[in-house]
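# Results of the structural survey
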Amino acid sequence: GAADLAALKDDLKQRVREAKESQSRTQVVREVMEEMLKKIPFQVPIEWIQHEAEHALPEVLPMMQAEGKDVAKDEAAAREAWNRAGALAEGQIRVNLLLQALADQKGVEVSEEEIARAVQAGDGVSPQAVVQGLERKGELNRVRSRIRQAKAGRLLYSLVTGNS
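Here's a quick rundown of the structure. Not measured: the values here are computed from a predicted model.

### So, the nonpolar core
By size, the foremost hydrophobic cluster in this structure holds eleven residues: Val29, Val32, Met33, Leu98, Leu99, Leu102, Ala103, Val108, Ala152, Leu156 and Tyr157. Going through the elements one at a time, helix 1 (2-39), helix 3 (75-106) and helix 6 (140-161) are the ones with two or more residues in this core. With four residues, the top contributor of residues to this core is helix 3. Excluding residues within four positions of it along the chain, methionine 33 makes contact with Val95, Leu98, Leu99 and Leu156.

Right, dumping it as C-alpha cells:
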C-alpha cells in the first residue's frame, strides 16, 4: 500500500538524481574533450572515417528526414547525409582515441566481472562463460573497449573536478 508507494517514490527520486549527476559528468567530460581536441590536432585516416560513417548513417538519416530531405530521391541530400555521418564519425573516432590514450597512460584495465555486468549476465552465469560467449561471437574486444573508454571518461572527470 502506502509504504510500497513511498518506496517507489524514493526509488524514482534516487534514479532521477543519479541520471542528472550522470548527465552533468557527461557534459563536463564532453567539454574537456572538445578543448583537448582543439589543442591536440591529428589526422584520422579516411578509411576509418568511411567505415565509422556507415555506422553513423542510421543516426543521421532520421534528422535528414525531419528536415524534409529525401536521401533516396535527392542526390544532394544523400551527399549531405554522408558528409554529416562522416563528420560525426570523425569526431567520435577522435574522442575514442583520446580516451584510449588516457586509459593506456593510466593503466585502465577491464575485468571479466565488469564485462559480465555490462552485458547483464543472467544469474548463475559465470563471468568466464560470458567472456567466452563474447569471444566466440567476435564481440569481446568491442565490449572491452567500450567499457575501458567509459572508465577513462570517468577518470577524466575525476581528474578535472577532483570528484569521483
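### Let's talk about the environment of glutamine 65
Mapped onto the fold, glutamine 65 is located in helix 2 (residues 46-66). A C-alpha to C-alpha distance of 35 Å links glutamine 65 and arginine 154, two positions 89 residues apart in sequence.

### With respect to helix 2
With 21 residues, helix 2 should reach 30 Å at 1.5 Å per residue; the first-to-last C-alpha distance of 28 Å fits that figure. At alanine 56, helix 2 shows its strongest bend, of approximately 45°, with the proline proline 58 following within four residues. For helix 2, the complete set of buried residues consists of Ile49, Ala53, Ala56, Leu57, Val60 and Met64. Phi turns positive, to about 80°, at glycine 68, one or two residues after helix 2.

### Notes on the packing of helix 1 against helix 6
When two helices pack together, their arrangement is given by the angle between the helix axes and the distance between those axes. Taken N-terminus to C-terminus, the directions of helix 1 and helix 6 make an angle of 85°; their axes are 9 Å apart at the nearest point. Classified by the angle between their axes, helix 1 and helix 6 sit roughly perpendicular to one another. Across the interface between the two elements, Arg25, Val28, Val29, Val32, Met33 and Met36 from helix 1 touch Gly153, Leu156, Tyr157, Val160 and Thr161 from helix 6. Taken together, the residues of the contact of helix 1 with helix 6 break down into eight nonpolar, two polar and one charged.

### A word on the pattern of salt bridges
Enumeration over the complete set of coordinates arrives at eleven salt bridges. Between arginine 84 and glutamate 80 there is a salt bridge whose closest N-O contact spans 2.7 Å. In this pair, arginine 84 and glutamate 80 are both assigned in helix 3, four residues apart and thus about one turn of the helix distant. The exposure class assigned to glutamate 80 is partly exposed, which follows from its relative accessible area of 25%. Arginine 142 is the salt-bridge partner of glutamate 139, the closest N and O atoms lying 2.2 Å from each other. Under the relative-accessibility criterion, glutamate 139 is labelled partly exposed at 26%. The network of salt bridges with common partners includes Glu67, Lys69, Glu80 and Arg84.

### Focus on the layout of surface pockets
Approximately 1200 Å³ is the volume attributed to the largest pocket. In terms of lining, the largest pocket is formed by 32 residues, of which the most central are Gln92, Val95, Asn96, Leu99 and Gln149. For the lining of the largest pocket, the elements supplying multiple residues, two or more each, are helix 1, helix 2, helix 3 and helix 6. At ten residues, the largest contribution of residues to the lining of the largest pocket is made by helix 3.

Cut-offs applied
- Residues numbered from 1 in each chain as written.
- Predicted model: local features only at pLDDT ≥ 70, side-chain atom pairs only at ≥ 80, totals over all residues.
- Heavy atoms only, no water.
- Core = buried A, V, L, I, M, F, W, Y, C linked by side-chain atoms within 4.5 Å.
- Buried < 20%, exposed > 50% of the residue type's maximum accessible area, 1.4 Å probe, protein only.
- Helix = DSSP H or I, 4+ residues; strand = E, 2+ residues; numbered from the N terminus.
- Contact = heavy atoms within 4.5 Å.
- Expected span 1.5 Å × (residues − 1).
- Bend = angle between axes of the 7 residues up to and from the residue.
- Axes fitted to C-alpha atoms, helices over the stretch in contact; angles between N-to-C directions.
- Parallel < 35°, antiparallel > 145°, perpendicular 65-115°, else oblique.
- Nonpolar A, V, L, I, M, F, W, Y, C, P; charged D, E, K, R; others polar.
- Salt bridge = Lys/Arg side-chain N within 4 Å of Asp/Glu carboxyl O.
- 1 Å grid on protein atoms, 1.4 Å probe; cavity = no way out; pocket = protein on both sides within 12 Å on 5 of 7 lines; lining within 4 Å.
- Points joined across faces, edges and corners; volume = space filled by probe spheres on them.

So far we have only geometry, and geometry alone does not tell us how the molecule works.
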